[in-house]
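A look at the structure
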Amino acid sequence: KVCKSCDSLSKMFRKSLVDADYERALTIYNTGNINLRCQFMAMKGVEAMLPIHCAAEGGSLRLLQWLVDVHYCPIKRIRTGNRSKQNLED
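Residues numbered from 1 in each chain as written. Predicted model: local features only at pLDDT ≥ 70, side-chain atom pairs only at ≥ 80, totals over all residues. Heavy atoms only, no water.

Focus on the overall build of the protein chain
Secondary structure assignment for the protein chain yields five helices and zero strands. When the elements of the protein chain are put in sequence order from the N terminus, they spell out α-α-α-α-α. Looking at the protein chain residue by residue over its 90 residues, the buried ones come to 28%. Considering only intrachain contacts with a sequence separation of at least 6, the fraction spanning at least 24 residues in the protein chain is 51%. (Helix = DSSP H or I, 4+ residues; strand = E, 2+ residues; numbered from the N terminus. Buried < 20%, exposed > 50% of the residue type's maximum accessible area, 1.4 Å probe, protein only. Contact = heavy atoms within 4.5 Å.)

Now the structure itself:
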């Protein structure tokens, strides 16, 4: 489970990326409650995406550069742990 305030921040951050709002995205990120390495929770009818995908959808090169060059944001989901090879291939 995720607390309501963290869930709200995550939704606001996702929206700021999709809206290409660089200043708002940085302000929300600087709260310390945003994880750039996890997918956003999937909403009904919406594909679960990483922050990099939301920034690409928003079309902001500045946000993409900030995510990739500054924070090394992953471009695909990475599984870790003790799982079989078959489960690792998506």
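Some remarks on the pattern of salt bridges
In this structure the tally under the stated criterion is three salt bridges. Between K15 and D19 there is a salt bridge, and its shortest N-O distance comes to 2.6 Å. Residue classification places D19 among the partly exposed residues on the basis of a relative accessible area of 45%. One salt bridge connects R62 with E23, and the closest N-O pair in it is separated by 3.9 Å. Residue R62 is found in helix 4 (residues 61-70), and its partner E23 is found in helix 2 (residues 22-29); the two are separated by 39 residues along the sequence. R62 sits in the partly exposed class, given a relative accessible area of 48%. (Salt bridge = Lys/Arg side-chain N within 4 Å of Asp/Glu carboxyl O.)

A few points about the nonpolar core
In this structure, F13, L17, I34, L36, L63, W66 and L67 are the most contacted members of the largest nonpolar core, which totals 19 residues. Elements that contribute at least two residues to this core include exactly helix 1 (4-18), helix 2, helix 3 (51-58) and helix 4. Per-element accounting of this core gives the leading share, four residues, to helix 2. Not counting chain neighbours up to four residues away, the residues in contact with I34 comprise L9, S10, F13, I28 and Y29. (Core = buried A, V, L, I, M, F, W, Y, C linked by side-chain atoms within 4.5 Å.)

Regarding unusual backbone geometry
One non-glycine residue with positive phi stands out, namely A20, at about 60°. Relative to the elements of secondary structure, A20 occurs in the loop between helix 1 and helix 2. On the basis of relative accessible area, A20 is assigned to the partly exposed category, the value being 31%.

A short note on the environment of P51
As for its position among the elements, P51 is in helix 3. Separated by 37 residues in sequence, P51 and R14 have C-alpha atoms that sit 6.8 Å apart. With near-sequence residues (within four places) excluded, P51 lies in contact with F13, L17, N35, L36, C38, F40, L67 and C73.

So, the confidence of the model for the protein chain
Per-chain confidence: the protein chain averages 81 in pLDDT, with 76% of residues scoring 70 or above. Per-element mean pLDDT across the protein chain ranges from 50 in helix 5 (residues 85-88) up to 95 in helix 2. (pLDDT = per-residue confidence, 0-100.)

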